[in-house]
Amino acid sequence: MTRQWQKSAEVELSFPLAFRLYDGMGTMRARPLVLYLRGNSFGARPKPECDAPAALAMAEAGAMVVEADYGTPSGNTFPGALECGFEALRHLLAKRKRFANNRSRVLLAGDEAGGNIAASLALKARDAMPGELAGQVLLSPMIDPRMATASFHRADEIGMRIPWSNGWSHYLASACGYQHPYAAPCLCSRLADVAPALIVTSDDDPLRDETLDYAARLQSAGVSVTTRILSDDCGWTGLYDGKNGGWHSRFSTEFSQFLEGLPT
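Residues numbered from 1 in each chain as written. Predicted model: local features only at pLDDT ≥ 70, side-chain atom pairs only at ≥ 80, totals over all residues. Heavy atoms only, no water.

Focus: the overall build of the protein
- Per the secondary structure count, the protein includes 9 helices and 8 strands.
- Looking at the 264 residues of the protein, the share that counts as buried comes to 56%.
- In the protein, the share of contacts with a sequence separation of at least 24, taken over all contacts with a separation of at least 6, comes to 78%.
- Of the accessible surface of the protein, which amounts to about 10900 Å², a share of 47% is contributed by carbon and sulfur atoms. (Helix = DSSP H or I, 4+ residues; strand = E, 2+ residues; numbered from the N terminus. Buried < 20%, exposed > 50% of the residue type's maximum accessible area, 1.4 Å probe, protein only. Contact = heavy atoms within 4.5 Å. Areas by Shrake-Rupley, 256 points an atom, 1.4 Å probe, with all protein chains shown as cover.)

A few points about the packing of helix 4 (residues 80–94) against helix 6 (residues 113–128)
- Where helix 4 meets helix 6, the axes come as close as 10 Å, and the angle between the chain directions of the two elements is 60 degrees. Considered as vectors, helix 4 and helix 6 are oriented oblique to each other. Handedness of the helix 4/helix 6 crossing: right-handed. On helix 6, the residues that touch A81, L82, G85, F86 and L89 of helix 4 are I117, S120, L121, K124, A125 and A128.
- Of the residues contributing to the contact of helix 4 with helix 6, the split by class is 8 nonpolar, 2 polar and 1 charged. (Axes fitted to C-alpha atoms, helices over the stretch in contact; angles between N-to-C directions. Parallel < 35°, antiparallel > 145°, perpendicular 65-115°, else oblique. Left-handed = near helix turned anticlockwise from the far one by under 90°. Nonpolar A, V, L, I, M, F, W, Y, C, P; charged D, E, K, R; others polar.)

Some words on helix 6
- The end-to-end C-alpha distance of helix 6, which contains 16 residues, comes to 22 Å, matching closely the 22 Å that a straight helix rising 1.5 Å per residue would cover.
- The buried fraction of helix 6 is high, at 13 of 16 residues. (Expected span 1.5 Å × (residues − 1).)

Focus: the environment of L212
- By the element assignment, L212 lies in helix 8 (residues 208–220).
- Sequence separation between L212 and S140 is 72 residues, and the spatial gap between their C-alpha atoms is 8.9 Å.
- Excluding its chain neighbours within four sequence positions, the residues that come into contact with L212 are T201, T227 and I229.

A short note on the environment of G43
- With respect to the helices and strands, G43 occurs in the loop between strand 3 (33–37) and helix 2 (53–60).
- Classification of G43 by relative accessible area gives partly exposed; the value is 29%.

Side note on unusual backbone geometry
- Omega for the bond connecting F78 with P79 falls within 30 degrees of zero, at 5 degrees, which places this linkage in the cis form.
- You can see P79 is positioned in the loop between helix 3 (71–74) and helix 4.
- Phi is positive for M147, which is not a glycine, with a value near 50 degrees.
- Residue position: M147 is located in the loop between strand 6 (135–139) and helix 7 (161–171).

Some words on the packing of aromatic side chains
- Per the stated rule, a full pass over the model turns up 11 aromatic pairs.
- Considering the side-chain rings of F15 and F99, the 5.8 Å spacing of their centres and the 70 degrees angle between planes classify their relative orientation as edge-to-face. Of this pair, F15 sits in the loop between helix 1 (8–11) and strand 2 (19–23) while F99 sits in helix 5 (residues 96–99), placing them 84 residues apart in sequence. Note on accessibility: F15 and F99 belong to one class, buried.
- Residues F78 and Y171 carry aromatic rings whose centres are separated by 5.9 Å and whose planes lie at 70 degrees to one another, so their mutual orientation is edge-to-face. Here Y171 lies in helix 7 and F78 lies in the loop between helix 3 and helix 4, a separation of 93 residues in the sequence.
- On the basis of relative accessibility, which here comes to 0%, the residue Y171 falls in the buried class.
- Put simply, the rings of F42, F78, W168 and Y171 pair up and form one aromatic cluster.
- The residue whose ring lies beneath K124 is F86, and the NZ or CZ to ring-centre distance is 4.9 Å. (Phe/Tyr/Trp six-rings, centres within 6.5 Å; stacked < 30°, edge-to-face > 60°. Lys NZ or Arg CZ within 6 Å of the ring centre and 35° of its normal.)

This is how it looks when you write it as C-alpha cells:
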C-alpha cells in the first residue's frame, strides 16, 4: 500500500496538491476513488510518517484513497482551504482514469476539521458540478463554530477544547463571521440535492451532537443519509490523534456497505 507524501511530478499525475495514496488493491473492476481530507483542527500538516487510520480503513474496503494536503498551501484558512480542496476534487473527477478507472465513482471523505471541508465541498460540488459527486463520508466533522452542544463538554476530557477553539478562530480569521454556508455547513439553509452521506460518530465523542444535528438536517432536506453511532468502547476519539482502535474494522465494513448502496 503506497502511503508516502508525493509531489505530482513524481508520479506524473499533475495533481494540484501534495498528496499520499492509500491503495488497498481492491478487486472491484471500477474501484471508487476517494478524496480524503484529514483533520488536525485546522492546524499543522500531519507528519509524513503518520498514516491516517480512516484512509487505511477505506483502502482496505477496496477504494483508492487520495489524501490531499489542503492545509499547507492555504494556511488552513477560509476560503483558501476550500478552494484547494475544490481544485483537487475537480482534478480527480477529470483524471480519475489515472488514479483508478474512468468509470470509478468519486467520493469525498474527511474527519474532524477535514470533515468540515468535505461537507463544504459537497455543497460547492452540488452548486458548481451537480451530479458529479457520488458520495460524502463525514467522520465526526468539526462543523459548528459555536461549540455549544451538550456533548461538547467532553472536549475537556480529551484535551480538545482549546485546539478546536483556536482552530476555528484561525480558520475563520479572514472570513466575515461564520455565516457563509461553505464556512460552517451546519448553518447552511439549503442542503437539498447534495451527495448521499455516510456520517459516523460515537457515544463519547464531543462532536457527537453537532454531527448528528447535521445528519438530521441533511435527511430533512431529502438527502440519503446513513448515520452510525459507535459505542464508547471502540476508541473512536483516538481518531483526533491519528490512533487506531476497535472502530477501524467497523468503519471499514460500514464504508463498504455504504458503497454497495450507492446508485451505479
